[in-house]
Amino acid sequence: MNIGYYPGCALHGSSIDYETSVRACMKALDVQLDELDDWICCGATAAHCINHKLSVALPARNLGIAEKMKMDKLFAPCPMCSMELKKASDELKANPELRKEMAEIVETPVDGTVDVVNLIQVFQTVGFDAIAEKAKEKLWRFKPACYYGCLLTRPPKTLQFDDPEDPTSMEELLKKLGAEPVDWNSKTVCCGAGLTLADEPAVAEQVRKILQDALDNGANCVVVACPMCQVNLDMRQADAKKLGLTQDVPIFFLSDLVALAVGLEGKDLDFAKRYVAIPNEMKKTDPKPEDPKPAKPVAAKKEGAAQ
Amino acid sequence: MEKPNDPRARVEELAQTKLSDCYQCGKCTAGCPRGADMDLPPTRMMRAAQLGQIEEASKADSIWRCLSCLTCSARCPKSVNVSGVVDALRQIAVETNSVSPKSAKIIGFQKAFLRNVRRNGRTNEVEMASDFEIRYFFRRFDVMNVVNTGLLGPKMIARGKMHFAIGSPVKDKALVKRIFDKCKVEL
Ligand code: SF4
Ligand code: SF4
């Protein structure tokens, strides 16, 4: 399967480990990523809080290129990018005047017809069952708290792929891969990453609350599908600990766990770049000890034969 | 009733929502992760906007506390685009230069981000962080702030997370500048 690919600035900068993880995971699933030619920044929070027109124009330029390249789906692993791109494409589709104005501003025709998808939606396209069939071992060591954060499911009118208050698609996929996701409250609470450099004390407290909730509900890791959530929850743990967070929590990308399940290892996924160390037993999947491997029954038969 | 030049019309156009739809139920504030720190939490901001107090609302500190998490808009039973109203007030505050000194740092960050995109087409994190720090440093000396971000940068560089050179540069940088100019972005 081929799919259009918009990496976005974060994946070519501070979240380069997410790009490694996404690329390795997609390769293992036989998904070929066709990168968008000369893509530009989506504008992120800065554009929509300073100039509304710019917040449509920057995504529109990228959508125009995707249309020129005849892509039908455009995969943006960062939910901020995918939300901004999707929002702009909805606005363009609904408004012919805006299409005219934007074509002039971004210097290429743009109709908003490309289907923008995030990481979870790519896995849905491949099929959760098809991924489960490829799994080498079960993710039996993982009790993840699946964290959607704010932008994966919002605004709900734009991103109609899961329940905005109680999304469950990550849990559904990870259960099929043998993990035991926990039930918890903070899955759609914003982590405050948008203000990482600008308002630090507030962000540290937000991180503490979310991670403590995951721990209190029995999680041994948190799984995200957002580069900002990952960096924020990972890098801010030192500060969160000063505010009372009781222990380290490894923070995985959803693509990490899918990749581990289909047989990749930590070194393929750039785990060395994580601030909170990933425990060794979580760097690859291994057979569950009490699970009798096919070899064992054979051994048992031999014993029987000897008797 | 809206008079000509009613500032409410501008907010409604930017946010693409109708201010009078809000019936002041308070649900947006109840779910707002920053509500407790806000001088004008979302419900009260909506009321001020309904009353045409756009200038006052755009001076509120709370519009810059907002994380743009969209919880308010997602939960509003009247489908009011509350976070869109926050954005509209922010844009008006920047245009009229009526930003509270307390929030200068946050706006400084957003502007540094956009200057960076205008120049490079994509964000270069090291360049952006230093642009932001230098400008902010001169605007208001704040030791803790310089120490904090000063510590954060090296921490990221050490993990190979921040890059001195941008991944792959945008070829048509002039086009990006033209897009900014045509949108009349003031930085
Ligand atoms: S949730 Fe909607 S209707 Fe209720 S106070 Fe907020 S904006 Fe008004
Ligand atoms: S978008 Fe802003 S105002 Fe709305 S809930 Fe989030 S932080 Fe509060």
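What counts, and where the lines are drawn
- Starting from 1, residues in each chain are numbered consecutively following that chain's sequence as written.
- For naming, the first written chain is A and the first written ligand is 1, with later ones following in the order written.
- Under the rules for a predicted model, residues below a pLDDT of 70 receive no local features and side-chain atom pairs below 80 are neither given nor counted, while totals for whole chains, interfaces and linings still include all residues.
- Side-chain descriptors were evaluated using all non-hydrogen atoms of the structure, hydrogens and water having been removed beforehand.
- Note on definitions. A residue lies near a molecule or strand when any single heavy atom of the residue is within 4 Å of it.
- Classification used: nonpolar for Ala, Val, Leu, Ile, Met, Phe, Trp, Tyr, Cys and Pro, charged for Asp, Glu, Lys and Arg, polar for all others including Gly.
- By definition in these notes, contact holds between two residues if any of their heavy atoms fall within 4.5 Å.
- When two parts are brought into contact, each loses some accessible area as probed by a 1.4 Å sphere; the total of that loss over both is the buried area.
- Salt bridge, as used here, is a side-chain nitrogen of Lys or Arg placed within 4 Å of a carboxyl oxygen of Asp or Glu.
- Residues adjacent in sequence count toward polar contacts only when both atoms are side-chain atoms; beyond that, a polar contact is any pair of N or O atoms within 3.5 Å, and within protein one must be able to donate a hydrogen and the other to accept it.
- In this text, helices come from DSSP runs of H or I with a minimum length of four residues, and strands from runs of E with a minimum of two, each type numbered from the N-terminal end.
- Residue count minus one, scaled by 1.5 Å, sets the expected span of a helix.
- Here the term buried applies to any residue with accessible area under 20% of the maximum for its type, exposed to any over 50%, and partly exposed to those in between, with areas from a 1.4 Å probe on protein chains only.
- DSSP-based pairing: two strands are paired if at least 2 bridges between them are found.
- A crossover counts as right-handed when, viewed with the strands pointing away from the observer, the path leading from the first strand over the helix to the second turns clockwise.
- Bear in mind that the domain bounds are from an automatic or database domain assignment.
- To define axes, lines are fitted to C-alpha atoms, for helices over the stretch in contact only, and angles between the resulting N-to-C directions are given on a 0 to 180 degree scale.
- In this scheme, roughly parallel covers angles under 35 degrees and roughly antiparallel covers those over 145, while 65 to 115 is roughly perpendicular and the rest are oblique.
- Helix crossings get a hand from a simple test, with the near helix turned counterclockwise from the far one by less than a right angle marking a left-handed crossing and a clockwise turn marking a right-handed one.

**Some points on the site of ligand 2**
Taken together, B:C32, B:P33, B:P42, B:C66, B:L67, B:S68, B:C69, B:L70, B:T71, B:C72 and B:S83 are the residues near ligand 2. In the shell around ligand 2, the residues fall into eight nonpolar, three polar and no charged.

**What about the interface of chain A and chain B?**
Quoted interface sizes are often the accessible area lost when the parts come together. The interface is formed by 56 residues belonging to chain A together with 55 residues belonging to chain B. In this assembly, chain A packs against chain B so that about 5100 Å² is buried in total across both faces, 61% of it on carbon and sulfur atoms. Inspection of the chain A/chain B interface yields three salt bridges. With a shortest N-O distance of 3.0 Å, B:K182 and A:E107 are connected by a salt bridge. Between the two partners, chain A and chain B, sit 14 residue pairs in polar contact (both at pLDDT 80 or more). Elements with a contribution of two residues or more to the side of chain A that touches chain B: α1 (16–28), α2 (44–50), α3 (52–68), α4 (79–94), α5 (96–106), α9 (200–216) and α10 (227–235) of chain A. Residue classes in the side of chain A that touches chain B are distributed as 29 nonpolar, 13 polar and 14 charged.

**Concerning α4(A)**
Residue and element names in this part refer to chain A. Along its 16 residues, α4 runs 22 Å from first to last C-alpha, staying within 8% of the 22 Å computed at 1.5 Å per residue. Most of α4 sits out of view: 12 of its 16 residues are buried. Looking only at α4, the buried set comprises P79, M80, C81, S82, M83, E84, L85, K86, A88, S89, E91 and L92. Where α4 is buried, its residues touch α2, α3, β3 (73–75), α5, β4 (115–117) and α10.

**Side note on the pairing of strand β2 (residues 32–35) of chain A**
Residue and element names in this part refer to chain A. Direction of pairing for strand β1 (residues 2–5) relative to β2: parallel, over a ladder of four bridges. Residue pairing for β2: I3 is matched across the bridge by L33. In the classification by handedness, the crossover that spans β1, the intervening α1 and the parallel β2 is right-handed.

**Here's the deal with the site of ligand 1**
Residue and element names in this part refer to chain B. Not every one of the 13 residues close to ligand 1 is listed here, only the nearest: C22, C25, G26, C28 and C76. Sorting the residues of the shell around ligand 1 by element identifies α2 (27–31) and α3 (42–50) as the ones contributing at least two each. Split by residue class, the shell around ligand 1 holds eight nonpolar, three polar and two charged.

**What to know about the pattern of salt bridges**
All names here are of chain A. Inspection of every chain in the model, using the stated rule, returns 30 salt bridges over all chains. Of the charged contacts in the structure, one is a salt bridge between D239 and R236, with a shortest N-O distance of 2.8 Å. On the basis of relative accessible area, D239 is assigned to the partly exposed category, the value being 23%. Within this structure, D17, D256 and R274 form a network of salt bridges that share partners.

**Thoughts on the domain arrangement of chain B**
All names here are of chain B. Considered domain by domain, chain B is made up of domain 1 (7–95) and domain 2 (101–183). Across the contact surface, domain 1 and domain 2 share zero salt bridges. Run the count over domain 1 and domain 2 and you get one residue pair in polar contact (both at pLDDT 80 or more). Split into classes, the residues belonging to the side of domain 1 that touches domain 2 amount to two nonpolar, no polar and two charged.

**Quick notes on the packing of helix α1 (residues 7–15) of chain B against helix α7 (residues 82–95) of chain B**
All names here are of chain B. In the contact formed by α1 and α7, the axes pass within 8 Å of each other and the chain directions differ by 120°. When the interaxial angle is binned, α1 and α7 end up oblique. Classified by chirality, the crossing of α7 by α1 is right-handed. Contacts between α1 and α7 pair R10, V11, L14 and A15 from the former with G84, V85, A88, L89, Q91, I92 and E95 from the latter. Looking at the contact of α1 with α7, its residues break down into seven nonpolar, two polar and two charged.

**Some points on the packing of helix α6 (residues 119–126) of chain A against helix α12 (residues 254–261) of chain A**
All names here are of chain A. Contact geometry for α6 and α12: axes closest at 10 Å, N-to-C directions at 35°. Residues L119, I120 and F123 of α6 form the contact with α12, whose own contacting residues are L254, S255 and V258. Looking at the contact of α6 with α12 residue by residue, the class counts come to five nonpolar, one polar and no charged.

**A short note on the sheet that holds strand β6 (residues 221–224) of chain A**
All names here are of chain A. An order of β5-β6-β7 is seen for the three strands of this open sheet, with the pairing classed as parallel. A strand with exactly one partner marks an edge of an open sheet, and here the two such strands are β5 (144–146) and β7 (251–253). Within the sheet, the average angular offset between the axes of one strand and its neighbour, ignoring direction, is 35°. Pairing of β6 with β7 involves three bridges; the strand directions are parallel. What sits directly across from V223, in β7, is F252. Helix-sheet contacts for α10 involve β6 and β7, and the interaxial angle to β7 is about 165°.

**Topic: the side chain of B:D61**
Tracing the backbone through its elements, the reader meets B:D61 in the loop between α4 (54–59) and α5 (62–65). Classification of B:D61 by relative accessible area gives buried; the value is 7%.

**Describing the domain arrangement of chain A**
Residues and elements named next belong to chain A. Here chain A is partitioned into domain 1 (2–117) and domain 2 (131–282). Contacts between the two partners involve 23 residues from domain 1 and, on the opposite side, 26 residues from domain 2. The contact between domain 1 and domain 2 buries some 1900 Å² in all, and 73% of this surface belongs to carbon and sulfur atoms. Residue R274 is joined to D17 by a salt bridge in which the shortest nitrogen-to-oxygen separation is 2.8 Å. For the side of domain 1 that touches domain 2, the elements supplying multiple residues, two or more each, are α1 and α4. Among the elements that line the side of domain 1 that touches domain 2, the one with the most residues is α1, at nine residues.

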